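A closer look at the structure
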Amino acid sequence: MDKQEKFYVTTPIYYVTDAPHIGNTYPTVAADIIARWHRLRGEKVFFLTGTDEHGEKVQKAADAAKEEPKVFVDKISLRYKEAWKTLGISYDKFIRTTDPEHLDAVARFISKLVENGDVYKGQYEGWYCVPDESFFTELQLKDGKCPDCGREVKRVKEDSYFFKLSKYQDRLLELYDKNEDFLSPKLRRQEVINRVKGGLKDVSMTRTTVKWAVPFPGDKDHFVYVWVDALINYISALGWPDGTFKVFWPADVHIVGKEINWFHSVIWPAMLMSAGIELPAMIFAHGWWTSEGKKMSKSLGNFVDPVSLSSKYSVDAIRYFLMREMPFGEDGDFSEESLKARINGELVADLGNLVYRVLTLAEKFDGKFDGSADLEKHLDVVGIDESMDRLDYYGALEKIWAFIRSSNKYINDNKVWSLKGAEMSNALYNLLEACRICSILLYPFMPDTAQSIAQQLGVEMGTLKDCKFGAFTGKPKRGKMLFEKVLTK
Ligand code: ME8
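Residues numbered from 1 in each chain as written. Predicted model: local features only at pLDDT ≥ 70, side-chain atom pairs only at ≥ 80, totals over all residues. Heavy atoms only, no water.

So, the pattern of salt bridges
Per the stated rule, a full pass over the model turns up 40 salt bridges. The salt bridge partner of Asp-389 is Arg-41, with a shortest N-O separation of 2.9 Å. With Asp-389 in helix α14 (residues 381–389) and Arg-41 in the loop between α1 (22–40) and β3 (44–52), this residue pair connects regions lying 348 residues apart in the sequence. The class for Arg-41 is partly exposed, based on a relative accessible area of 25%. One network of salt bridges, with partners in common, ties together Glu-56, Lys-60, Lys-154, Glu-158 and Arg-207. (Salt bridge = Lys/Arg side-chain N within 4 Å of Asp/Glu carboxyl O. Helix = DSSP H or I, 4+ residues; strand = E, 2+ residues; numbered from the N terminus. Buried < 20%, exposed > 50% of the residue type's maximum accessible area, 1.4 Å probe, protein only.)

Pasting the structure below:
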């Protein structure tokens, strides 16, 4: 199959310490939207998400719950699946790192690194942050605490196998140089390049004290470091080296949070180079939802539960808000008041109002919807598609909204409600086509809303190639309002 026709997107796999929260909902919704967008383009899409189930942090959470780790991870992993169902996540595969196929792939992958002479035995001595499952040197610590999350670190001294990351410095720099998009978005590029230029240390890839892990092939005293295990999910999920791996690898984009960018932009490509496997095309590191300036997280207790949020607001409104409130890549503060403002302003007053007004007039009009495409000049499908190529959801929504607002303005400027005969036919033709095209463009962001628009217009849901003005062939029948106004403070 032509590489152009396939699209493979992944989310991070989430630690199963507790139920999902708005932080890990964010990359999952983003991946869902881009997967749906590529399906609209007519591409063959594989969208992978899942759970990261080994390591010290998960082991501790299971101990605290007084449960066997496997019983515990089965339960929490299920909560992720349930949450993603509620939020309309259309993944093709949900991988769990406790899946037997994954365990087998990890052992095979590591054996390749060993065969290629990139693994040696030594001793690790340094600091470890359990919540982040990350090693740090003395120099990296900030005031004696984890430089990423600010929490306590512990001293670790144990025998370990190391991966020769240092060997890949030049090849990594060459990769970044030749592939502009590999480190995305642009604002993240230089920080990675500078750090790699500053020199790479070999990384510890096994632990002897953490046994809730994949056994290290060839040495029964060692267990694979959870991050090495986790990264391999992106190929084990495809059945590497056979099966769907042959169709979908390399990944078109790994969506990750900025705090785990290093693992994906540096360690993962070096591991793949060592194993002789093609590299992903893009690592996109998004920003954080904060609350009063602090990263929202389970352990800080300032998170929002997406499932209970969806019992208060529609799933589509939440999905829209997550992508509209800040550009993907930057940080932003999460508040229910901002969510309400977006619902009342953009979803009710702009989109909902447009569809309602157009359908009301169209239902009453007795005649054909026919005319010239006056509104098409406000539609920039190519620009929207280009934004989506860069995972610029924010930019794409701005352009879609410019079109929605132009359509509402057209109603007001032309006093469409007072038109008759051919003038009314022309105006309604334009507005119905505008609504139809919006239903397609909005489908990846708000699937239920988009389907409701298409249904009210009496048309089939189209694909991206239908996003141009043509003949309107639907039979409009107004349905229920797309969004309800919500009370604000
Ligand atoms: O890191 N704002 O799992 P994890 C935005 N298992 N995104 C957030 C967020 C916030 N406040 N909090 C979390 C792991 N995220 C590893 C990944 S991948 C091979 C292994 C998102 O459960 C963000 O995308 O801690 C981050 O990368 C991910 O959740 C981390 O989830």
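Some details on the site of the ligand
Taken together, 24 residues lie around the ligand, and Ile-13, Asp-52, His-286, Trp-289 and Met-296 are the ones closest in. One of the backbone N or O atoms of Gly-23 is found 3.2 Å from a nitrogen atom in the ligand. Trp-289 places a main-chain nitrogen or oxygen 2.8 Å from a nitrogen atom of the ligand. Considering the ligand on its own, with 670 Å² of exposed area, one finds that the protein chains cover 94% of that surface. Contributions of two or more residues to the shell around the ligand are made by β2 (14–15), α1, α7 (226–231) and α8 (233–236). If one sorts the elements of the shell around the ligand by residue count, α1 sits on top with four residues. Here the residues of the shell around the ligand are counted per class, giving 13 nonpolar, eight polar and three charged. (Near = heavy atom within 4 Å. Polar contact = N/O pair within 3.5 Å; in protein donor to acceptor, adjacent residues only side chain to side chain. Areas by Shrake-Rupley, 256 points an atom, 1.4 Å probe, with all protein chains shown as cover. Nonpolar A, V, L, I, M, F, W, Y, C, P; charged D, E, K, R; others polar.)

Regarding the sheet that holds strand β6 (residues 134–136)
Strand order in the open sheet made by the four strands is β6-β5-β7-β9, with antiparallel pairing throughout. Either end of the sheet is taken by a strand with one partner, and the two such strands are β6 and β9 (203–204). Bridge analysis of strand β7 (residues 154–163) against β9 gives two bridges, and the strand direction is antiparallel. By the bridge assignment, Phe-162 is partnered in β9 with Ser-204. (Pairing = 2+ DSSP bridges.)

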